[in-house]
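Examining the three-dimensional arrangement
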Amino acid sequence: MSEAREYQHIGQRTIRPDGFDKVTGKANYGADLSIPGMIWGAILRSPHAHAKITSLDVSEAEAHPDVFAVATYQDFPSVNAEAVAAGTARKDLFDTAANVLADTKVLYHGHAIAAVAARTEAAAQAALELIQVAYEVLDPVLTIDAAIKDGAALLHDNMMTQGLLEPASAASNIAARMELKKGDIDLGFEAADIIVERSYETPTVHQGYIEPHATTVRFDDNGPSMIWCPTQGHFDVRARVAQLLNMELGQIKVVASEIGGGFGGKTTVYLEPVALILSKKSGRPVKMTMSREDVFRASGPASASQSKVKIGAKSDGTITAMQASLHYEAGAFKGSPMGPGCMTIFTPYDVENMYVEGFDVVVNKPKAAAYRAPGAPQAEFAAEMAVNELASKLGMDPIDLRLKNAAKEGTQTIYGPKLKTVGLEACLLAAKSSPHYQSTLQENAGRGLAAGFWFNIGGQSSVMIHLNPDGTGSIIEGSPDIGGSRASMQMMAAEVLGVSPSTLNPIVADTEHVAYNQTTGGSRTTFATGMAVIEAAEDIVDQLKARAAELWNVTPEQVDYKNGVAYNLSSDERLSLAEICAKAEKTGGQITGRANINARGAGPSFAVHLCDVQVDPETGKTDVLRYTAIQDAGKAIHPSYVEGQFQGGAVQGIGWALNEEYVYSADGVMENAGFLDYRIPLASDLPEIETIIVEVPNSFHPFGVRGVGETGIVPPLAAVGTAVSEAIGLPITSLPCSPPKLLELIMKRG
Amino acid sequence: MKTHVSTVVNGDAVEFLCSPSDTLLHALRNEIGLTGTKEGCGSGDCGACSVMLDGALVCSCLVLGVEAQGSQVETIEGIAHQDKLHVIQEKFLEHAALQCGICTPGLIVSTKALLEENPAPTEEEARYYLAGNLCRCTGYDKIIKAVMDAADVMRQGA
Ligand code: FES
Ligand code: FES
């Protein structure tokens, strides 16, 4: 099977096909499109974190000669209770609408209230001042504790907690509760010789993609309206805008521009529906962009969390019970990633008794969006810190403790299925023998290690491959390329067709030119869209055989196809792919292969990270001395981009662990809404990020691929947290380990 | 009132109109149509808008459009010679030093400035010189490898 296979192209480090445009400035990203006659939109944002809108008067703005249109919540035609009741609108449509243009309340500082479109960017900004809004200011609710305490101000007057054992009797800021269990948690703790129990918290952080949100749209009554935007899922943008504006899918064409980072944060809509309303009302194309400040204040963030973890073990290191209670901030509207948090927290462990409960809590912060393995870093941070504490209490090597309890093929997960073949043990063993783990730790330094898990997903993908009369071709796919996926599509198709990758041009088509594709996310693209590419290429191979058979006057069964050449098994005749294409006119016209699939069998990816740090006792500043990311890729199609995913995830995790956090004033204003004060890691902050690619094939993928994009951000929080804790000799329970926080701990320690 | 600005961009004489508060970044992108220079923050913190102005590396979001009057501007669009990539661009591709690519134009312009000033930087010098260019995707590892490799090749060529 896959291990033994020899590949021509898979596993090579080819030059990405979109590379030339991206190193020369030719590639067009979200803010790069301008259309003749285009006007500019701007958004009025709330100065309060929590307030009722008592009146909103846009008449003066509308009357201004430079202004062509004004939009408010009232412009969403389909967002009404009847549409939801009739099943024509999704329930969460209310939230999406009220997030992109506030309804009767503003729920965070920076919440969009109204939009104007005017002749120039400056005129649009100026016209915002003509909009009159009156507010009744309410108490801002800024933390989980504040949100769930008795008498807390309510964000949504009618929100009843879902998932309680007894139906809720009063509204609350807890949107939902869930629990998962296996075995008997009480018996598990009774069997334990040692118990570790601790509470942890993580801050609100941002995905921090360097490209702000932007869009250019053109409403068209006669043909499809056009939306150009950087998104991880243009089909999803189309669906959401269609629902919000009561349009049919066929009336909207979404073109995915090149995308300047997303990490989950570009899986929803902010500007697109608003811009389309403005375009419809003004009859002109409209462009809108977010400033960096808007990006921080009104998009993204990943949920802050509070976690309680309790772990029981025998004195030989056998874990008998794992229990957790997790609270996640959803931001202004329900829907934190508490679900995946509960599902992933203990999955690296094969332990009989587990119990996890989760709470989804609304607070006056921007609506949380997905961020790389959404929900998992927060939860697994808590679990891995506690496991490391257990290892140190038992006097056991943290890798040996994990090997003793590691999830493997057949392990029953807490969320349902049993694991198929997985690579956690392989990653732990690779970590143990790595040069990093074998190295001696510098003086005054600390070393941390943590494991991480993410499910990965499959889902729907559609691909066409067209061959040209000279044998070159194009791969028409619908998964926005966020980190080099065109290269892996090209390589997989080339492998099946037996041609050079550079003869095939991968194109990310708009929503009209390829059938539905699920959003790029969940580490699904190389797995699921890759599977569709392989099937489409196999479809072509079948056709090539049939065409050759026709030319030779034999049956297709008498034709073999290998490395780009068809062989007549009953003679020594052969025809290359290019020759068959050149003769396609005689055998029924040109050749297209296609595949529309719903990919099943995504293979989970486990990782283990190692981190050495030093903490300056004078300043509290942490230096990362050495870092190694080890992860199971199943099969690395393009090893450089696989390593890149490991490294990128690791560094985002290092930022989360050491520096990044939303800092709020008492009245709910984010005080660090810029890259100067919200400090993401710089080149000068980091050492080399070493990588080890482990390959335990996923038997459900023809080449053995697992997704690799997300798992890499899961282990760093606890790997860094543990290293810091070792370095200063004190427990770490709250992130980030920022200099002031560490300095305070060090001072207290004396 | 708009000002008429005459300047040279990537060797070509260029004229544009610009308001007193418009940045050079705005002029490049919206008046001249060179959108290879990117905006990540507008406040001098990300380096996506890096260009050379009279031989000095600047954040074009912090320079006014009118300041380009009579000067020489070099942007990402001027670094390759038609289809022939500059060594730095080739090395970025070879080392897979870009994922999304939004930071890449700024990083390539900054790397060129670094290697003109210091043809043999240590890895640490490269990391500090490029600390003004944020990349959220790569963790910088492959970027630094590309920069060091480009420096080697350029020194051999010189
Ligand atoms: S856009 Fe100029 S530094 Fe960020
Ligand atoms: S490659 Fe995406 S920000 Fe650098």
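Residues numbered from 1 in each chain as written. Chains lettered and ligands numbered in written order. Predicted model: local features only at pLDDT ≥ 70, side-chain atom pairs only at ≥ 80, totals over all residues. Heavy atoms only, no water.

All names here are of chain A. The geometry of helix α4 (residues 93-100) relative to helix α8 (residues 234-244) is characterised by a closest axis approach of 10 Å and an angle of 90° between their N-to-C directions. As summarised for this structure, α4 and α8 are arranged roughly perpendicular, according to the angle between their axes. Taken together, the residues of α8 that come into contact with α4 (itself represented by Leu 93, Thr 96 and Ala 97) are Arg 240, Gln 243 and Leu 244. A class-by-class count of the residues in the contact of α4 with α8 yields 3 nonpolar, 2 polar and 1 charged. (Axes fitted to C-alpha atoms, helices over the stretch in contact; angles between N-to-C directions. Helix = DSSP H or I, 4+ residues; strand = E, 2+ residues; numbered from the N terminus. Parallel < 35°, antiparallel > 145°, perpendicular 65-115°, else oblique. Contact = heavy atoms within 4.5 Å. Nonpolar A, V, L, I, M, F, W, Y, C, P; charged D, E, K, R; others polar.)

Residue and element names in this part refer to chain A. As far as domains go, chain A holds domain 1 (19-27 + 462-596), domain 2 (39-138 + 211-260 + 266-298) and domain 3 (305-456 + 603-749). Centre-to-centre separation of domain 1 and domain 2, based on C-alpha positions: 40 Å. Regarding the contact of domain 1 and domain 2, the summed buried area is about 1,400 Å², with carbon and sulfur atoms giving 60% of it. The largest contributions to the domain 1 side of the interface with domain 2 come from Pro 480, Thr 511 and Thr 519, which together make up 39% of the buried area. Between the two partners, domain 1 and domain 2, sit 2 salt bridges. In this structure, the connection of domain 1 to domain 2 is made through 5 residue pairs in polar contact (both at pLDDT 80 or more). (Domains from an automatic or database assignment. Buried area = accessible area lost by both parts, 1.4 Å probe. Salt bridge = Lys/Arg side-chain N within 4 Å of Asp/Glu carboxyl O. Polar contact = N/O pair within 3.5 Å; in protein donor to acceptor, adjacent residues only side chain to side chain.)

So, about the interface of chain A and chain B. Residue-level contacts link 52 residues of chain A with 45 residues of chain B. Overall, the association of chain A and chain B removes approximately 3,800 Å² of surface from exposure, summing both partners, and the carbon and sulfur fraction of that is 58%. When the area that chain A buries against chain B is broken down by residue, the three leading residues are Val23(A), Ile210(A) and Ala683(A), summing to 18%. In this structure, the connection of chain A to chain B is made through 5 salt bridges. Residues Asp32(A) and Arg29(B) are paired through a salt bridge, measuring 2.7 Å at the closest nitrogen-oxygen approach. Our count for the contact surface shared by chain A and chain B stands at 23 residue pairs in polar contact (both at pLDDT 80 or more). In terms of residue class, the side of chain A that touches chain B is built from 25 nonpolar, 18 polar and 9 charged.

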